[in-house]
Structures are given as C-alpha cells and as structure tokens.
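# Structural characterization, general
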Amino acid sequence: MGRIVKWLMIAITGVLTLLIIVITAVIVLVDPNDYRDEIERAVATQTGRELAMEGDLKLMFFPWIGLQVNKVQLADAPGFGPAPFLQADHAQLALKLLPLLQGNLVLDTLMLNQPRVHLIRNEQGLGNWQTFGRPPQAPKRPPEQPAVDLEPGVQPQAQPLPAILQAASLAGLRIRDGRVTWDDRQSGQHVVITSLNTTAEDIRLGAPISIESDWQGQINDGMDIGGKLTGTVMADPQLQHFDARDLDLALNVAGVDIPGGKQQLRLRAQAAADLGQATYRLTELRLDAAGVQITGQLSAQQAKDAVTATGQLQIPEFSPREVLQRLGMAVPNTDDPDVLKRASAQTEFGYHGGALTIEPLTVRMDDSVLTGQAKLRNFTGPAADFDLSLNGIDVDRYRPPSREGKQAAATPAETAAAGAGQLPLTTLRSLDLNGRLRIGTLKVNGATISDADMTVHAKDGRLRVHPLTAALYGGTYRGDMQLDATGKTPRIELNEQLSGIQAGPLLTDVASFQKLLGTTDFNLRATTHGAAPEDWLQALTGLARFTFRDGTVKGINLAQAIRAALARAQGKPPPPSEGPLQTDFSELGGTLNLAGGVVRNTDFSAKSPLLRIQGQGVANLLKQTVDYRLTTKIVGTLKGQGGQDLEQLRGIPIPLRFTGKLSEPRLTVDLAGLFKERFEQKREELEEKGKKKLEQKLDQQLERLFNR
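Residues take numbers from 1 onward in each chain, read along the sequence in its written order. Local features in this predicted model are restricted to residues of pLDDT 70 or higher, and side-chain atom pairs are both shown and tallied only at a pLDDT of 80 or more, whereas totals for entire chains, interfaces and linings draw on every residue. Heavy atoms throughout the structure, all of them, feed into the side-chain values; hydrogens and water do not.

## So, the overall build of the chain
Counting its secondary structure elements, the chain contains 11 helices and 33 strands. Any two residues whose heavy atoms approach within 4.5 Å are treated as being in contact. Taking the contacts inside the chain whose residues are at least 6 apart along the sequence as the reference set, 50% of them involve residues at least 24 apart. Summing over all exposed atoms, the chain offers an accessible surface of approximately 40,200 Å²; the carbon and sulfur share of this is 55%. Secondary structure elements follow DSSP: runs of H or I of four or more residues count as helices, runs of E of two or more count as strands, with numbering from the N terminus. Accessible areas in this description were obtained via Shrake-Rupley with a 1.4 Å probe; residue shielding takes into account the shown protein chains only.

What follows is the structure in structure tokens.
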C-alpha cells in the first residue's frame, strides 16, 4: 500500500511539475499551439510516454498565468495496451505571477473535466503507475552500488522535494464526471468507477485539506456500487507522513450476488501512514452494515516483503434475526422463537509471518459464551490451531419445531435421510487442525451432557476426535472417533465407552422411552463407511457389550404374564393383576453383533431373585423391529411380585417371545406348548417305566419256569 501511495504521489508531483514547465514555456511563446510538438517531446522525455493534445492551447495572463488544454491524453507504458493512461476533455491550471517572482508557487484551482485514468497491474504484478517517470524496464543497479541492508520497517530514504514545491499551494481541485478503471490481470478483477466528482480546497503540504468525493461504478460487470467519501487529509512536505481525519465512507452496493439484492454500509475511521517507517494505523474504526456495528483499530508495518499487523475488534450486541431480515435471507424456524436474538463478539488479533493469531476471543450467542484463542497458520487449507471453551448450548432450541400430531418417533434412517447431507469431502481432505474444545453443558437430541472435553486432529484427509470425554446421567463417557477421507468412500471408526449411566433418564430424554431403568455400562467398537448418515447405519459393523444393574423393565410384569398364561392353559380365567406393571432385575446384559443395520444378540441373560432369563434375538435398526426368543425359569417365590406362588413351574424353562416395534414390543408366553411338551415327555417316561416293569415281570416268570 505504501508503495502505491508513494508512486501515485510521485506521479501527481510529476504531472504538476510538467504543467508548471508547460505554463512557463508558453509564457515565452506567443502562440503555444505553434510549439505543440516541442511540448509533447518534452513530456515524452520526462515521462517516457507520449502526450497528445488534440485541442487548442489557451493562455491566461496577469495576475494569474495559466494554461487551458482541451482533449489531452497521456499514453500508457509499453506492454499495458493501447488505451491511454490519462486523458481529459478539459484541464486548466494557473499560477500567480508576483509570488512566483519571489520564489513562491501559488497555484489556482486545478480543474479537470471528464478525466479518465486507466490503472493496470499486469500478470507479473507490475503496475502501470510504477513505471511513470521512468522507462518501463527498470535499469539494473550498477555493480559498484551494492544493495543496502535496512533495519526491519525502515524504507529507503526518499529524495526531498524542491523547496519551491514544499511551500507551494493549490487553491483547490475540481474533478467533474471522471472515470477510473482498475484492471488487475493477476486476479482477473475489473473495477470501473464512473461519474466521479471530487472537490478539495486549499491544498498545501503540511496543512489539513478538506476533500469530498462521490461516484458510481461496477465491479466485474456484476455488482453496481455507488459511494461518497468525505474527510480531511494532510501530507508532510517530504511526502512521507500522511494523516486522514474524520474519514466517512458511505457505499451502496447492488447485484445478484448481494444478499437482498442491495445493501448499504458506512465506514468511519482515522488513518495515518509513515512511508519512511512503513507503518500504517487505523483508529476509531467503525463499520455499520445490515444492523451490525464493528468497531476497533488496526496497526500494520511492512518490513521488506513481510507485513505484520495487530488490532482489536468489537461487535456490540445485535439481533441475528434482524440481520437476516435486512439481508433478505430466510430466518430459521426454530423450536424456541427466542433464540438468535442476542449476539456480540470481541477479540484482539495479530498477523505475522503469514499467520493470524486471535487471542483473546469472546463470542456470545443468546445464553452461550465461547472464549479462547485460535491461530490460522494459513488461509488456503485452512490450517488452524485452537483452544476454545463454551459455557453451554442447547442445540435443540435452534432446531426446527417438532411436528404436531406426531404419532411415533422417526427411525434413525428416516431422520438421517430427512436432515443430513453429504460430507464435505473436499474440505475434510484439506483440513489441517489441532485443537481442543471444552463444553460446560451440551443438550442435543434431548440428551444433556456436561463437562465435555475433546481434542481434534485433522491432517491429509484424516480426522480424529480423541480423547473425548464427558459426564452424563450420573456416569461417564469416553470416546475415540476417527474419519478417514483419503479414499473414494470415507471410513469411520468408533470406540465408545459408557460407564455408570442411569438408563432411565437418558432414554427418556433421547427417545421418550420410559420402560427401562437401571445403571448401565455400554462398550462399542464399530466401523462404517459412506458419505452420508443414511449410509452409515446400513454399513455399520462391529461388536458391543451392554450390562444393566439393579433395574426395571416397565410395561411388562413377567410374573403376572406367566400366571395369566398358566390360567389359560388350565382353562381358567386369568387372575386379577396385582402390583405394578413392571419386572425388576438385578442384572441384564449381553453381546451385540452389528452388521448391515441389524443387531444380533445370542447371549442375552437377565437375573433377579425370582427369575433367570436366557435367549437370543435380532433387532433391525433400519426397520426398528425386534424379535427375541427367550426362556425363563422360576427360581424363587413370586409373592414379592404379588399373587400366588407358582411352585409347579419352579425350575421349568418357560418360553417367551418379544416381537414387534422396538418402542412397543409384544410379549407372548407359550405355556400351552410347554404343557404339551411336558405331557409328551411324561407319557414317554410312563411308557418307558411300564415297559421296564413288564420286562421285569416277564424275566421273573421265565426264571421261575426254568428253575422248576
């Protein structure tokens, strides 16, 4: 930036000097038009560019000596195209004669009608303004002049301006209907500023200069822009120190890529630049746009090719909902209508060696506060380090409202298909992250988690969250999640451990399932693959182990069901229900084999002082169905469960079957089949006993017969 300002000031100084030369020359000449060619050759010698004056040259005399030029243009440097660098329909500048005779340069208002400036940066990064006043190719430094090493931040000493120019004054500047074109051939950016009108009064080095400018324009043929700038600027006589006070920039932008079609923004600031030390400052910065205000300050320094910067930014409280409305964007329909109403932020930052450090950082959204620090090591990946803490967030408040009249919970596959999208594989493969995130309280999908602590690593398409710990429902969680996106299809590995969890509150909050109580441990090691959640469940493969202790299965009184089945088998009416509709257990557990969205359990077991249950079954997670075949044995008195004893069934395996929806399984007790099986066994036993008795009697009779 300093180099651009420096070259522009040199260019302006050169133009003024040339105008003075021209004015002085035409004072001597009777008719300046007769010497047009000489003037053009002199300008070409000084600038290395051709000057063309198509209109007449007119002189002004005492007390002002001046020149009017019509239809003048200055060619661009070779290699930048045929369009002129500068042209104007009318230019006028005059100076006072008497002060000039005393060695003082007092200029009248410089008037430019319809000036046209064409700024170009070529593919190599060279600007056409940088070649002003010298040949397009910079001369090589002679061997006898070695390069000078400068201290960081110190720029080469500029040559001082002649004393007459340092003390010169310009009554004002009037630009009417100007046009500035910026053509960046490196980035492809193209900006055209039209209808440019600028006014400045009492222009002197070392004194404040009031300026006012307005314009219209277009960026890349797709965005219209209009603006107005006011303020006071000042430059020291050596053109090394610049100050801008009370800068006020108002912009109106419109285009298809602008939210809402059009927006307004306003920027106010104080600015200062020291070209000798290559330091730049913005203070009292305030940006207003779409109902958001950003305040702060910025300091920067350039040392050789490196730039360092520090700053502070604050965003006072605003309403994200109102901002979205101003931007013409849809406001999310959230379960809690009071969210997205309060947000603010503040931070300090530094930029050095291509890295941006943000510390400390505080961001507030409703009741959530995010604090910590972050560092962007580069902006292309991105590559970042972070250490962040979030006091808490209720994610469910920000979700769409639940559908009214909903009869049953959606299956995981339905939920994933409805709300999930593809993994951003391109972004994941470019991530370079190292960081830690702590969350005080997190509520998501109805579950409440506290003291969550996770470490994130991402590099070369591999993402790992480990260690991952949290406290929930009286127990602890430890996890290790890995995502490998290096191949065509991403692969996910899970290693999850839940210990001492109170199953009742957890299942109630997550799935509104209130039929299972107890303290549970759950371990899962599984893998899956796919780019979307709906694929993960179908491809899920792994092994899990679960145990419940000192719990209750609600909705089923197994003892009562057995008594009712026994009564039916005996042709009697079922006995009245007694006691709660639940079955208590001291232990319940098993091993789960997961494959293709189907869970198989071959070693289910449950124990209580009254019952022993064993069996196997299948649960289809995609269809949300269950089919379990179990056997139970009565090992104790049933009076504790209410009702009469069933001593006749003690120790007898009783077949049970659970089928139907996971949320509402049906229980059947097959005592009739059991009795039929037991009858057949008894009959066979009796037949076997009768056969043995008959054989014994026959043996006895034969023995008596042969012993006679």
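## What to know about helix 2 (residues 36–47)
Along its 12 residues, helix 2 runs 17 Å from first to last C-alpha, staying within 8% of the 16 Å computed at 1.5 Å per residue. Throughout this description, buried means an accessible area under 20% of the type-specific maximum (1.4 Å probe, protein chains only), exposed means over 50%, and partly exposed covers the range between. Within helix 2 the residues assigned to the buried category are R36, I39, E40, V43 and T47. Buried residues of helix 2, seen end-on, are gathered within an arc of 95° and therefore sit on one face of the element. Turned more than 90 degrees off the buried face of helix 2, the exposed positions are R41 and T45. The positive-phi residue at the C-terminal boundary of helix 2 is G48, with phi of around 75°. In a helix, the anticipated span is given by 1.5 Å times the number of residues less one. By arc we mean the arc of the directions from the helix axis to the C-beta atoms, nothing more.

## Things to note about the packing of aromatic side chains
Any two rings among Phe, Tyr and Trp, with Trp reduced to its six-membered ring, count as a pair given centres within 6.5 Å; such a pair is stacked if its planes are under 30 degrees apart, edge-to-face if over 60, and tilted if neither. Taken as a whole, this structure holds 3 aromatic pairs when the rule is applied. Taking 5.8 Å as the distance between ring centres and 40° as the angle between the ring planes, the aromatic pair formed by W129 and W182 counts as tilted. Placement of the pair is W129 in the loop between strand 7 (116–121) and helix 4 (163–166) and W182 in strand 8 (residues 169–184), with a sequence separation of 53 residues. Plain terms: the ring middles of F546 and F548 are 6.2 Å apart, the flat faces sit at 65° to each other, and that makes the pair edge-to-face. We note R49 situated over the ring of F85; from NZ or CZ to the ring centre the distance is 4.8 Å. The criterion is that NZ of a Lys, or CZ of an Arg, lies within 6 Å of the ring centre and within 35 degrees of the ring normal, and then a charge sits over that ring.

## What to know about the pairing of strand 20 (residues 383–394)
Direction of pairing for strand 19 (residues 368–378) relative to strand 20: antiparallel, over a ladder of 8 bridges. Each bridged residue has a counterpart across the sheet, and for K375 the counterpart in strand 20 is D385. A pair of strands is treated as paired once DSSP finds two or more bridges between them. As judged from the 11 bridges shared by strand 20 and strand 21 (residues 432–444), these two strands associate in the parallel manner. Bridge pairing in strand 21 places D394 opposite K443.

## A short note on the environment of T362
Residue placement: T362 occurs in strand 18 (residues 355–365). Along the primary structure T362 and L388 are separated by 26 residues, whereas in three dimensions their C-alpha atoms are 9.6 Å apart. Contact partners of T362, with chain neighbours within four places excluded, come to S344, A345, Q346, V369, L370 and T371.

## Points about the nonpolar core
Core analysis: the largest hydrophobic core is formed by 32 residues, its most contacted members being F548, L588, L594, F604 and L630. Working definition of a nonpolar core: buried Ala, Val, Leu, Ile, Met, Phe, Trp, Tyr and Cys residues. They are joined through side-chain atoms within 4.5 Å. If you look at the next biggest cluster of nonpolar residues, it comprises 17 residues, including A447, A452, Y473 and L506.

## A short note on unusual backbone geometry
For the bond from E359 to P360, the omega torsion is -10°, close enough to zero to count as cis. With respect to the helices and strands, the residue P360 is situated in strand 18. Cis geometry is found at the peptide bond from H466 to P467, where omega equals 0°. Inspection of the secondary structure assignment puts P467 in strand 23 (residues 462–472). Of note in this structure, L239 is not a glycine but carries a positive phi near 55°.

## Focus: helix 8 (residues 503–511)
Side chains of residues three or four places apart in an α-helix project in the same direction, reflecting 3.6 residues per turn. Turning to helix 8, its buried residues are A503, G504 and L506. Down the axis of helix 8, the buried side of the element spans an arc of 165°, and every buried residue falls inside it. Turning to helix 8, the residues buried within the fold contact strand 22 (447–459), strand 25 (491–502), strand 26 (516–529) and strand 27 (541–554).

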